[in-house]
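Listed below are the residues making up each chain.
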Amino acid sequence: MRRALVVDDDKTILMITSQVLKNLGLQVETAADAHQALRMLKLLTFDLIVTDANMPSLSGFELLEIVKRNEKNFGSPKIVMLTGRTAQKDHDLAITAGAHKFLRKPVVVDQLKEAVTDLLGLDEIRVARDGINVSERVRWMDAFEILRVYEDGVEFTAPVLLRAGLQLDIGSRILAGIAPAFVQVEVTNSIAGRRDGEFLISAKFRNVQIDDRERMAAWLEAERKAS
Amino acid sequence: MALLNSARLGELYELGGHAFVREIWQVFLETTAHDLPLLQKSLILGDLSQVAQIAHRLKSASGNVGAERMQGCCYTLELAANAGNDELTLMNLCSEIVISYHETARLEPTKNVA
């Protein structure tokens, strides 16, 4: 799974950006400032860094320069820079420093998705409102780690990483196809792409009704063991 | 200007449902409750650079969760502090932020999702 690092001193930005990236199927780490980011870069390799431009102590521009100077140690992650300022000067500085994309705050979710999809070559395919159907019973690889059933039990978001070679039919309901006895769901939109021999599907669900949470949990557990 | 931008809340809902909206809302309330006294203190001390910096941070946080009126007030204060406006003007703008924050904090974000 590809890994992303999000750096910002604003917790709400960290949460939104992380959620967008998780929904795209990325593994996400966060850092509250550039110093913490550098410590993480020494420990882990990242495919993507999304960083605020203006942070106290060490700015996003300075972080970028350090990363660029240390490609041997840090690799060559794609870099998206975020800033609340609109000045052309900041944009120019970011691009000169080596940022691949420059986005304004507040983060517009679709713009961030588009930038990341483009940079990481997720080969996005946008699918109609009625979503995606998996035409055979599938075993999820990472879905169980990502699947989040919210406390009120009526909705969840599930980016699903599937095995390669599955036949995907567009036009029905992904979860209804997998667990019809337990779940009724309306898929609002989905993104699918092929990546490293696997299909990645990120779908958003609405009006989810879990008829029997205990049976659902047992079914999930059985599927986890089977896969 | 509306207190809340329901389209923004709708965007957050699309990202992670009601639970995510509630979670980020709570973070917004807590960080703002922490920052507002710092803002007032900086104003009293006449540290306009710090005032502008905190106003900028509050603008970002409020904008992220769709607290539109508060975001506008923060933006005005940030500009005024950077321009070196007089203390009374800055105090009034700061009061507007505090009022808009308390009005916003009373709302239930999940009921305002577009």
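Further up the page is the structure itself.
Before going into details, it helps to say that this report is about the structure given with it. (Residues numbered from 1 in each chain as written. Chains lettered and ligands numbered in written order. Predicted model: local features only at pLDDT ≥ 70, side-chain atom pairs only at ≥ 80, totals over all residues. Heavy atoms only, no water.)

## Some points on the overall build of chain A
Working step 1: For chain A, the helix and strand inventory stands at nine helices and eleven strands.
Working step 2: Pairs at least 24 apart in sequence give 65% of the contacts found in chain A among residues at least 6 apart.
Working step 3: If you sum the accessible surface of chain A, you get close to 10600 Å²; carbon and sulfur atoms cover 46% of it. (Helix = DSSP H or I, 4+ residues; strand = E, 2+ residues; numbered from the N terminus. Contact = heavy atoms within 4.5 Å. Areas by Shrake-Rupley, 256 points an atom, 1.4 Å probe, with all protein chains shown as cover.)

## Brief notes about the overall build of chain B
Working step 1: What chain B contains, in helices and strands, is four helices and zero strands.
Working step 2: For chain B, the α and β elements follow one another from N to C terminus as α-α-α-α.
Working step 3: Out of the 114 residues belonging to chain B, those deemed buried represent 49%.
Working step 4: At a minimum sequence separation of 6, the contacts of chain B that also span at least 24 residues come to 67%.
Working step 5: When the accessible surface of chain B is split by element, carbon and sulfur atoms take 54% of a total near 5200 Å². (Buried < 20%, exposed > 50% of the residue type's maximum accessible area, 1.4 Å probe, protein only.)

## With respect to the sheet that holds strand β5 (residues 101–104) of chain A
All names here are of chain A.
Working step 1: The sheet built from five strands is open, its strands ordered β2-β1-β3-β4-β5 with parallel pairing. Every interior strand has two partners, whereas the edge strands, β2 (27–31) and β5, have only one. When the angles between neighbouring strand axes are averaged without regard to direction, this sheet yields 20°.
Working step 2: Pairing of strand β1 (residues 3–7) with β2, which is carried by five bridges, proceeds in the parallel orientation. (Pairing = 2+ DSSP bridges. Axes fitted to C-alpha atoms, helices over the stretch in contact; angles between N-to-C directions.)

## Section: the environment of L36(B)
Residues and elements named next belong to chain B.
Working step 1: Mapped onto the elements, L36 comes out in helix α1 (residues 6–45).
Working step 2: Distance in space between the C-alpha atoms of L36 and I54 is 8.4 Å, their sequence separation being 18 residues.
Working step 3: Excluding residues that lie within four positions of it along the chain, L36 makes contacts with L58, I97, V98 and Y101.

## Remarks on helix α3 (residues 68–82) of chain B
All names here are of chain B.
Working step 1: Given a rise of 1.5 Å per residue, 15 residues ought to cover 21 Å, and the 21 Å separating the end C-alpha atoms of α3 matches this to within 8%.
Working step 2: For α3, every residue scored as buried is listed here: M70, C73, C74, L77, E78, A80 and A81. The buried residues of α3 all sit within an arc of 165° when viewed along its axis, so they share a single face.
Working step 3: Once α3 finishes, G84 follows within two positions and takes phi at roughly 70°, a positive value. (Expected span 1.5 Å × (residues − 1). Arc of directions from axis to C-beta.)

## Here's the deal with the interface of chain B and chain A
Working step 1: On the chain A side, the residues contacting the 27 residues of chain B number 25 residues.
Working step 2: A per-residue breakdown of the area chain B buries against chain A is headed by E14(B), L15(B) and N64(B), which together make up 29% of the total.
Working step 3: Summed over the shared surface of chain B and chain A, the result is six residue pairs in polar contact (both at pLDDT 80 or more).
Working step 4: Of all the elements in the fold, those that place two or more residues in the side of chain B that touches chain A are α1 and α2 (48–65) of chain B.
Working step 5: A per-element tally of the side of chain B that touches chain A places α1(B) first, with 17 residues.
Working step 6: In terms of residue class, the side of chain B that touches chain A is made up of eleven nonpolar, nine polar and seven charged. (Buried area = accessible area lost by both parts, 1.4 Å probe. Polar contact = N/O pair within 3.5 Å; in protein donor to acceptor, adjacent residues only side chain to side chain. Nonpolar A, V, L, I, M, F, W, Y, C, P; charged D, E, K, R; others polar.)

## Side note on the packing of aromatic side chains
Residues and elements named next belong to chain B.
Working step 1: The final tally for this structure, using the stated rule, is two aromatic pairs over all chains.
Working step 2: For the pair W25 and F28, a centre-to-centre distance of 5.5 Å together with 50° between the ring planes defines the contact as tilted. Of this pair, W25 and F28 both sit in helix α1, three residues apart, which is roughly one turn of the helix. Of the two residues, W25 and F28, neither departs from the other in class, the shared state being buried. (Phe/Tyr/Trp six-rings, centres within 6.5 Å; stacked < 30°, edge-to-face > 60°.)

## What about the pattern of salt bridges?
Residues and elements named next belong to chain B.
Working step 1: Under the defined criterion, the tally for this structure stands at eight salt bridges over all chains.
Working step 2: Across the pair R69 and E103 runs a salt bridge whose closest N-O atoms are separated by 3.2 Å. Of the two residues, R69 is situated in helix α3 and E103 in helix α4 (residues 87–105); the sequence distance between them amounts to 34 residues.
Working step 3: Since its relative accessible area comes to 25%, E103 is described here as partly exposed. (Salt bridge = Lys/Arg side-chain N within 4 Å of Asp/Glu carboxyl O.)

## Brief notes about the nonpolar core
Working step 1: Within the largest apolar cluster, 58 residues are counted, with the highest numbers of intra-cluster contacts made by L21(A), L48(A), F28(B) and L39(B).
Working step 2: Per-element accounting of this core gives the leading share, 14 residues, to α1(B).
Working step 3: Discounting chain neighbours no more than four positions away, the residues touching L39(B) are V51(B), I54(B), A55(B), L58(B), L77(B), C94(B) and I97(B).
Working step 4: Ranked by size, the runner-up nonpolar core spans 25 residues in total, among them L5(A), A34(A), A37(A) and I79(A). (Core = buried A, V, L, I, M, F, W, Y, C linked by side-chain atoms within 4.5 Å.)

## So, the side chain of N64(B)
Working step 1: With respect to the helices and strands, the residue N64(B) is situated in helix α2.
Working step 2: N64(B) sits in the buried class, given a relative accessible area of 0%.
Working step 3: Among residues more than four places away in sequence, those in contact with N64(B) are D10(A), T12(A), I13(A), I16(A), P106(A), V107(A), R8(B) and L12(B).

## Here's the deal with helix α3 (residues 60–69) of chain A
Residue pairs spaced three or four apart in an α-helix point in one direction, given the helix's 3.6 residues per turn.
Residues and elements named next belong to chain A.
Working step 1: Considered for burial, the residues of α3 that qualify are G60, F61, L63, L64, I66 and V67.
Working step 2: Elements in contact with the buried residues of α3: β1, α2 (34–43), β3 (48–52), α4 (71–74), β4 (78–83) and α5 (88–97).
Working step 3: The N-capping residue of α3, defined by a side-chain oxygen 3.3 Å from the backbone nitrogen of F61, is S59.

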